Amino acid sequence: MNEVEEAIRVARAGGDGSRWPTKLPVRERVALLLDEGSFVEDGLLGDAAGDGLPADGVVTGVGMVEGRPVAVIAHDFSVKAGSWGELTCEKQVRILERADRDLLPVFYLVDSAGGRLTDQLGFFSGRRGASRIFALQVALSGRVPQICCLFGPSAAGGAYMPAFTDWVGMVAGNASMYLASPRVAEKVTGERTSLEEMGGAMMHATVSGCGDEVFDEDWQVIAAARLLLSYLPDNWQDPPALAQPELPAQTEWPAGLIPEDPNIGYDVRSVIDRVVDAGSFFEIKARWAQEMVVGFARVDGRVVGLVANQPQVRSGAIFVDSADKAARFVSLCDAFNVPLIFLHDVPGFMVGVAVERQGIIRHGAKMITAMASAEVPKFSVVLRKSYAAGYYAMCAPGFEPRATIALPTASIGTMSPEASVNAVYANKIAAIEDEDERADFVRARIAEQAADFTLLRMGSELVVDTVVRPGELRIELISRLRACTRWERSSRRRHHVVSPV
């Protein structure tokens, strides 16, 4: 028994982490994540009789987050840099199989240099190796929340572990994701770069979109992960939990908060602050594709997903990355029964040679497919302009939102009246030599165009369901959210859509 007790002590002690003084030891991370005393560990003695790798470099088990059972995978960077061997993979496979069987949310505390090249047969090629881990992550996707805290490297094939999760929080200066190290990349492509430039936290949060947020300390990303779970149900069969309703952070709507001139920018978060419960907005991918703002919030205690154009960035136009950002968030909300509120202020999808070559049509179709496929209750709020295919992508009436609500500043059309007049009458305008006469002609045609799309006309033709003053918007949404609590999904008519990836 003394031999076993010593092995348990060694396993819990882990390796020497002194090389990484800014990192919390793996068991401290787990303790911060879980409710005190709730962790039940599996496989503690993995490899205890073998190569002297405490717990084989990974801590797995179940515990509680705010009283809710969850599964945990936590890499121990102090043991061979958290690298994966045969038993490391087996422990992760076992806990994911349990999460799949018991429908447990999964937290991934990732800090791994990748597979152990000295144990390739064990982690790489077998039925219970890394490929099985990824297969289980995909099987769990949309069934239970999967949340990743990335504290250090996630290298080579192991970089796909965060990629298969619903949210990735990264620690600045330590966290990284990459398929090949800078040294390998230089050997293969001739490129010389740094780890931070190629796969660092800020790069992934601002350029690639693989990271959702960057944090300064380990404890901060853990706190955010715990908070995120509060917006999500335990599994796909349940709704998110209700919370105590709170008043919004701001209740006054000063004149000009949403400028009448569609060419003047403003921060859509100032609208969000006046609609959602105070302090409840949990933004997703805030640093990436900033012309689109997405995130979870509560309205009168009910969890909602917000998809909002951001007029102060690129006029709120939808680009390739912002289409992807919205599509993924809409899919996440639909998977976990979170109603969606779309806040329109969009001139349309971006146009031009560059975006066409990037596949703006394909990416835009991806966003529209995700939105059209979502069966959760959807609400459209037209704050100001909503033009062209951007209007469609933000859940136009043809996509069956529960309601289309307009503010007095709302304008809907194929394009702005000014752009429409210039498109239709370009030759005639050019032919008018007198400058004053030309200006009068343009003004008259703009007035004609605008008259066709007044809010009264929109309401009369049932394009919008109601027009409300800004100060009434929150109450309108609360009433409509309360009225759709018994919604149900339709019976399946096919396996799934073919996504225009």
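Up top is the structure.
Draft legend 1. Spotlight on the overall build of the protein. Broken down by element type, the protein carries 20 helices and 16 strands. Taken over C-alpha atoms, the radius of gyration comes to 26 Å for the protein, in line with the 23 Å a tight globule of 501 residues would show. Overall size of the protein, expressed as C-alpha extent along the three principal axes, is 95 × 55 × 45 Å. Sorting the 501 residues of the protein into buried and exposed places 50% on the buried side. Put simply, 74% of the contacts in the protein that link residues at least 6 apart link residues at least 24 apart. For the protein, the exposed surface amounts to about 23,600 Å²; the carbon and sulfur share of it is 53%. The positive charge centre, built from 51 side chains, and the negative charge centre, built from 64, are 4 Å apart in the protein.

Draft legend 2. Summary view of the environment of Trp 84. Mapped onto the fold, Trp 84 is located in the loop between β3 (68-75) and α3 (86-102). Under the relative-accessibility criterion, Trp 84 is labelled buried at 3%. On a C-alpha basis, the gap between Trp 84 and Arg 486 in space is 46 Å, while along the polypeptide they are 402 residues apart.

Draft legend 3. Quick look at the packing of aromatic side chains. Evaluated as defined, the whole model comprises 12 aromatic pairs. Consider the rings of Trp 84 and Phe 134, whose centres lie 6.5 Å apart with planes at 50 degrees: the pair is tilted. Here the residue Trp 84 occupies a position in the loop between β3 and α3, and Phe 134 occupies one in helix α5 (residues 130-140), the gap between them amounting to 50 residues. We note that Trp 84, like Phe 134, is buried. Ring-pair connections join several aromatic residues into one group, and the members of that group are Trp 167, Phe 215, Tyr 231, Phe 282, Phe 296 and Phe 329. In this arrangement the basic side chain of Arg 298 is found over the ring face of Tyr 231, its NZ or CZ atom lying 4.3 Å from the centre.

Draft legend 4. Here's a closer look at unusual backbone geometry. With phi around 65 degrees, Ser 315 is a residue other than glycine that occupies positive phi space. Locating Ser 315 in the fold gives a position in the loop between β11 (302-309) and α12 (320-335). Despite not being glycine, Glu 400 has its phi angle at roughly 60 degrees, a positive value. Looking at where Glu 400 falls in the secondary structure, it is placed in the loop between α15 (388-393) and β14 (403-406).

Draft legend 5. Looking closely at the pairing of strand β5 (residues 146-155). The buried fraction of β5 amounts to 10 of the 10 residues, a majority that puts the element mostly inside the structure. Pairing of strand β4 (residues 106-112) with β5, which is carried by six bridges, proceeds in the parallel orientation. The residue of β5 that forms the bridge with Val 110 is Leu 150. In terms of strand pairing, β5 meets strand β6 (residues 167-171) through four bridges, oriented parallel. When the sheet's bridge partners are listed, Cys 149 is paired in β6 with Gly 169.

Draft legend 6. Fine view of the packing of α3 against α5. The interhelical angle for the contact between α3 and α5, taken along N-to-C directions, is 20 degrees, at an axis separation of 9 Å. As summarised for this structure, α3 and α5 are arranged roughly parallel, according to the angle between their axes. Crossing angle aside, the handedness with which α3 passes α5 is left-handed. Contact residues: Cys 89, Gln 92, Val 93, Leu 96, Glu 97, Ala 99 and Asp 100 in α3; Ala 130, Arg 132, Ile 133, Leu 136, Gln 137 and Leu 140 in α5. Each residue belonging to the contact of α3 with α5 can be placed in one class, and the counts come to eight nonpolar, two polar and three charged.

Draft legend 7. Representation of the packing of helix α2 (residues 26-33) against helix α10 (residues 218-229). In the contact formed by α2 and α10, the axes pass within 9 Å of each other and the chain directions differ by 35 degrees. For the pair α2 and α10, the sense of crossing is right-handed. Across the interface between the two elements, Arg 29, Leu 32 and Leu 33 from α2 touch Asp 218, Trp 219, Ile 222 and Arg 226 from α10. Of the residues assigned to the contact of α2 with α10, the class counts are four nonpolar, no polar and three charged.

Draft legend 8. Focus on the side chain of Glu 213. Mapping Glu 213 onto the fold places it in strand β8 (residues 213-215). The class for Glu 213 is buried, based on a relative accessible area of 17%. Polar contacts involving the side chain of Glu 213 include one to the side chain of Arg 287, which spans 2.5 Å.

Draft legend 9. Local environment of the environment of Phe 134. Using a relative accessible area of 16% as the deciding quantity, one classes Phe 134 as buried. Linking Phe 134 and Ile 73, residues 61 residues apart in sequence, is a C-alpha distance of 13 Å. The contacts of Phe 134, once residues within four sequence positions are left out, are Trp 84, Gly 157, Gly 158, Tyr 160, Met 161 and Phe 164.

Draft legend 10. The arrangement of α12 in detail. Between its first and last C-alpha atoms α12 spans 23 Å; for 16 residues at 1.5 Å apiece the expected length is 22 Å, and the two agree. The element α12 is extensively covered by neighbouring structure, given that 12 of its 16 residues are classed as buried. For α12, the secondary structure elements touched by its buried residues are β9 (282-284), β10 (292-299), β11, β12 (340-346), α13 (353-358) and α14 (360-373). The first or second residue beyond α12 is Asn 337, which carries a positive phi of 65 degrees.

Draft legend 11. Spotlight on the pattern of salt bridges. Scanning all chains against the criterion turns up 32 salt bridges. Linking Arg 29 and Asp 218 is a salt bridge whose minimum nitrogen-to-oxygen distance equals 3.1 Å. On the criterion of sequence distance, the pair formed by Arg 29 in helix α2 and Asp 218 in helix α10 is long-range, its members being 189 residues apart. Here Arg 29 falls in the buried class, since its relative accessible area comes to 0%. When its relative accessible area of 3% is taken as the criterion, Asp 218 is described as buried. As a salt-bridge pair, Asp 42 and Arg 98 come within 4.0 Å of each other at their nearest N and O atoms.

Thresholds applied
- Residues numbered from 1 in each chain as written.
- Predicted model: local features only at pLDDT ≥ 70, side-chain atom pairs only at ≥ 80, totals over all residues.
- Heavy atoms only, no water.
- Helix = DSSP H or I, 4+ residues; strand = E, 2+ residues; numbered from the N terminus.
- Rg over C-alpha atoms; globule rule 2.2 N^0.38 Å.
- Buried < 20%, exposed > 50% of the residue type's maximum accessible area, 1.4 Å probe, protein only.
- Contact = heavy atoms within 4.5 Å.
- Areas by Shrake-Rupley, 256 points an atom, 1.4 Å probe, with all protein chains shown as cover.
- Lys, Arg positive; Asp, Glu negative; His and termini not counted.
- Charge placed at Lys NZ, Arg CZ, Asp CG, Glu CD.
- Phe/Tyr/Trp six-rings, centres within 6.5 Å; stacked < 30°, edge-to-face > 60°.
- Lys NZ or Arg CZ within 6 Å of the ring centre and 35° of its normal.
- Pairing = 2+ DSSP bridges.
- Axes fitted to C-alpha atoms, helices over the stretch in contact; angles between N-to-C directions.
- Parallel < 35°, antiparallel > 145°, perpendicular 65-115°, else oblique.
- Left-handed = near helix turned anticlockwise from the far one by under 90°.
- Nonpolar A, V, L, I, M, F, W, Y, C, P; charged D, E, K, R; others polar.
- Polar contact = N/O pair within 3.5 Å; in protein donor to acceptor, adjacent residues only side chain to side chain.
- Expected span 1.5 Å × (residues − 1).
- Salt bridge = Lys/Arg side-chain N within 4 Å of Asp/Glu carboxyl O.

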